[in-house]
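# Structure at a glance
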Amino acid sequence: MRIPMTCCLCPFLVCLCFIQRCYGASHHVPTKVPSKNQTKLANGETEVHHRPKRGWIWNQFFVLEEHIGPDAQYVGKLHSNSDKGDGSVRYILSGEGAGTIFIIDEVTGDIHATKSLDRERKAHYVLHAQALDRNTEEALEPKSEFIIKVQDINDNAPKFPDGPFEATVPEMSEVGTSVLQVTATDSDDPTYGNSAKIVYSILQGQPYFSVDPKTGIIRTALPNMDREAREHYTVVIQAKDMAGQVGGLSGSTTINITLTDVNDNPPKFPQKNYQVLVLESAEVGTPVGKLKANDDDLGTNADIKYTIINSEGANMFSIATNRDTKEGIVSLKKPLNYERKKTYTLHIEGLNTHADPRFTYLGPFKDTATLKISVGDVDEAPVFSMDYYILDVYENSPSGTEVGTVTARDPDGDNKPVRYELDGKEEEESYFRIDAKSGVIRTTQPLDREDTPWHNITVVASEVGNPVLFSHVPVTVQVLDTNDNPPEVAADEEVIVCESSRPGQVIQTVRAVDKDDFANGQRFSFALPSQLPVNPNFTLKDNEDSTASIIARRRRFSHLTQELYELPIVVWDGGEPSLTGTSTLTLRVCPCQRHGRIRMCQGEAFLSSAGLSTGALIAILLCIIILLAIVVLFITLRRSKKEPLIISEEDIRENVVTYDDEGGGEEDTEAFDIVALRNPAAILRWENINLGQRKTLSLVYIF
């Protein structure tokens, strides 16, 4: 609404003049009142000077914005006390907008605005006024600064700078729950009138929501708003200035409000009874059925845990929740058998895992349903009476001896006959055969326990007329032992006879071994052959603990006279029937170490173990000695070359070379050439020392 300038200008100027007069009176600034200044002249007279007091003060002018009249808008008037009204004063205006927006009449001082102003773009203008003498161009008043303030009118409607808005609020919220606060802005002057005083109201969205007229806070207005019934709402909010009065300007914005989900709906099975058919051949872990409880909620509020709550179903089946489809998947936990049980009844419960305690009054957040599973009959392979068989047979039994019987039956209702056979892929098949009708297993040849004590075979059973359906079972055959191996003396190590052995001394204790098992080989007896004459050198004592001791019968054995002796020993076991074996031991005569504690020859044992004779050993030792002598001589010569031949006379050393030899007294002196031992730096002294029948030759070098 625009107010013509002519309607409000006069009252405004009257008020402005009144304020100006009051302001001037309060500051004691007289207007157009001359002050008299007296000057004493030479003749004693006084000259009175009349100087007018200037009223050259302005604070501010006002001009309405958005002026659209045909004439320039009158702003105000500048006036100086020096102005007599004769046009001798010229008024000048400078500053912001001077000459373009604001013009001044140089004679009267009237100021006009030539353009329409917008307070929101510029709220005030700072200008400077000056009064000049038109003739002399001298300043009659000092330059004065004043402000022209653009007065606001209600020309801007409120705006929502951030709209439209998106907001959410939980469903089932209480009345008055805050949803969102919207704020509008108004470019008009908030300090002047009601142009910028905004009031909010709701244009669309009732009766579900309300808005606070002062703050713009949107709140719920209805209780129990259900997302499952309606999820989205559109609310339009209006902001109106002038405090909402008639004629005020307004703006609006849209708020899209979405109700978020809470767990306020229990799960429900669409039907109470379900039925499914599962073949008995289904493998363990196979999914056999599925069912789903509906929940109108979303996300985690719709999570359901399925449980089989009766023991009959829980023992045979399991159920798990598919996270994507929210279905309960029923799987087989144990093998099914149509002949044993044909139907199963499962009581299944669906329970919300994230219940909200605020809505427990709506009832239990779970539901139950019944699933009936019917087992379908299929033609099954024969079933053996045992998972595995362990049979036995004695070794050396004739071919065709019965080992045992395996039994299988058709688990189906018609109970078809079963045919047996051995798995042809196994090598053990050659030792056994099976009767195709009775399942009796027999040997095909005598078995030897010492060769193979255990045999593993596989028996295959199939329905007669339908070989595709078959099953197999492992059969282990143990070969039982018979006493069919004679014992013999164990020859673990060589028997050594010390040359210093005495009559009655135990040479060595021997034991027996038997290829038969522990039951037939645990007891052994020993003796010397009875058909041979009495052994003059050795005898045998049975210790009655499956060992025997070889005892010397004489002394003074010599390996030079006889090195080897043979001793036949008869040993028999305690089996049924008892078997006897004869073993011949070789006894070696050796000179033993001290006290005869170690049964090992000193020289001969080493030679025998190395495979060398006595002459070869002597030759090897001589070669080693010669090599050592050569090495010592070589080292000595190298050291003698490094020693100086001439040393100081004060250092006198004697090197005596001593050796033993049979000598002939003084005649031996002629056997050596003493001159060969002399050198220019040494004196050879020969001493012949006769010690009994042996002489010692000493060569003394004096340096």
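Here the structure is shown first, and the text comes after it.
So, how was this worked out
- The residue numbers shown here count from 1 along each chain, following its written sequence.
- Reporting in this predicted model follows two pLDDT cut-offs: at least 70 for local features of residues, and 80 or more for side-chain atom pairs to be given and counted; totals over whole chains, interfaces and linings ignore these cut-offs and use all residues.
- Side-chain measures were taken over the full set of non-hydrogen atoms in the model, leaving aside hydrogen atoms and water.
- Patch building starts from residues that exceed 30% relative accessible area and form no salt bridge, then joins like charges within 9 Å and nonpolar side chains (Val, Leu, Ile, Met, Phe, Trp, Tyr) within 5 Å.
- Only the protein chains shown count as cover for residues, and the accessible areas themselves come from Shrake-Rupley with a 1.4 Å probe.
- The salt bridge criterion pairs a side-chain nitrogen of Lys or Arg with a carboxyl oxygen of Asp or Glu, the two atoms within 4 Å.
- Per the convention used, a helix needs a DSSP run of H or I reaching at least four residues, while a strand needs a run of E reaching at least two, with both numbered from the N terminus.
- Put simply, a nonpolar core is a bunch of buried Ala, Val, Leu, Ile, Met, Phe, Trp, Tyr and Cys residues held in one set by side-chain atoms that sit within 4.5 Å of each other.
- Buried means the residue's accessible area, taken with a 1.4 Å probe over protein chains only, is under 20% of the maximum for its type, while exposed means over 50%, and partly exposed covers the values in between.
- Any two residues having at least one pair of non-hydrogen atoms within 4.5 Å are treated as being in contact.
- The pairing criterion is simple: DSSP has to find at least two bridges between the two strands.
- Angular values range over 0 to 180 degrees, each being the angle between N-to-C directions of two axes fitted as lines to C-alpha atoms, with helices fitted over their stretch in contact.
- By convention, a stacked pair of Phe, Tyr or Trp rings (six-membered ring in the case of Trp) has centres within 6.5 Å and planes under 30 degrees apart, an edge-to-face pair has planes over 60 apart, and any other such pair is tilted.
- The rule is short: NZ of Lys or CZ of Arg within 6 Å of the ring centre and within 35 degrees of the ring normal puts a charge over the ring.
- For this analysis, a polar contact is any N or O atom pair within 3.5 Å, provided that within protein one partner can donate a hydrogen and the other can accept it, and provided that sequence-adjacent residues contribute only side-chain to side-chain pairs.

## As for a nonpolar patch on the surface
On the surface, a cluster of nonpolar side chains totalling about 360 Å² of accessible area is made up of Ile 620, Leu 621, Ile 624 and Leu 628. Position of Leu 621 among the secondary structure elements: in helix α5 (residues 614-642).

## Thoughts on the nonpolar core
In this structure, Phe 317, Val 330, Leu 346, Ile 348 and Ile 373 are the most contacted members of the largest nonpolar core, which totals 23 residues. Put simply, the parts of the chain that give this core at least two residues each are β17 (273-279), β18 (287-291), β19 (304-308), β20 (317-321), β21 (328-332), β22 (343-352) and β23 (366-376). Counting residues per element, this core draws most heavily on β23, at 4 residues. Ignoring anything within four residues of it in the chain, the contact list for Ile 348 reads Phe 269, Leu 291, Tyr 306, Thr 307, Ile 308, Ile 319, Val 330, Asp 367, Thr 368, Ala 369 and Leu 371.

## Examining the pairing of strand β9 (residues 144-151)
Inspection of the sheet shows strand β3 (residues 60-64) paired to β9 by 5 bridges, in the parallel sense. Bridge assignment links Val 63 to a residue of β9, and that residue is Val 150. Pairing geometry for strand β8 (residues 124-133) and β9, over 6 bridges, is antiparallel. In the sheet register, Val 126 faces β9, and the bridge partner there is Ile 147.

## What about the sheet that holds strand β15 (residues 232-240)?
As summarised here, the arrangement of the 4 strands in space is β10-β16-β15-β12, forming an open sheet in which the pairing is mixed. Looking at which strands have only one partner, the edges of the open sheet turn out to be β10 (165-170) and β12 (199-204). Sheet twist, expressed as the average angle between the axes of neighbouring strands with direction ignored, equals 35°.

## Thoughts on the packing of aromatic side chains
All told, the structure shown has 11 aromatic pairs when counted by the stated rule. With a centroid separation of 6.2 Å and 55° between ring planes, the pair formed by Phe 269 and Tyr 306 is classed as tilted. Residue Phe 269 is found in the loop between β16 (250-260) and β17, and its partner Tyr 306 is found in strand β19; the two are separated by 37 residues along the sequence. Tyr 306 gets classed as buried once you look at its relative accessible area, which sits at 4%. Ring centres of Phe 538 and Phe 557 lie 5.4 Å apart, and the angle between their planes is 10°; this geometry places the pair in the stacked category. Placement of the pair is Phe 538 in strand β37 (residues 538-542) and Phe 557 in the loop between β38 (547-552) and β39 (564-573), with a sequence separation of 19 residues. Judged by relative accessible area, which is 3%, Phe 557 ranks as buried. A network of ring pairs unites the aromatic residues Tyr 208, Phe 209 and Tyr 233 as a single cluster. Its end group placed over the ring of Tyr 208, Arg 230 keeps NZ or CZ at 5.2 Å from the ring centre. Across the ring face of Tyr 338, the terminal group of Lys 342 is positioned such that the distance to the ring centre comes to 4.7 Å.

## Focus on the pattern of salt bridges
Summed over the entire model, instances satisfying the criterion amount to 19 salt bridges. The salt bridge partner of Glu 450 is Arg 449, with a shortest N-O separation of 3.1 Å. Of the residues examined, Arg 449 reaches a relative accessible area of 16% and is grouped as buried. Ionic contacts of the salt-bridge type, sharing partners, join the residues Arg 90, Glu 106 and Glu 137 into one network.

## Considering the sheet that holds β37
If you trace the 4 strands from one edge of the open sheet to the other, you get β33-β35-β38-β37, paired in antiparallel fashion. The open sheet has two free edges, formed respectively by β33 (488-489) and β37, since each of these has just one partner strand. Pairing between strand β35 (residues 506-513) and β38: 5 bridges, direction antiparallel. Its bridge partner lying in β38, Val 506 is registered against Ile 551.

## Observations regarding the environment of Arg 227
By the element assignment, Arg 227 lies in the loop between β14 (217-220) and β15. A relative accessible area of 9% places Arg 227 in the buried class. When the C-alpha atoms of Arg 227 and Asp 261 are compared, they prove to be 6.5 Å apart, with 34 residues separating the residues in sequence. Not counting residues within four places of it along the chain, the set of residues in contact with Arg 227 comprises Glu 171, Leu 259, Thr 260, Asp 261, Asp 296, Asp 297 and Leu 298. A polar contact of 2.8 Å, which involves the side chain of Arg 227, links it to the side chain of Glu 228. From its side chain, Arg 227 meets the backbone oxygen of Asp 296 in a polar contact 2.8 Å long.

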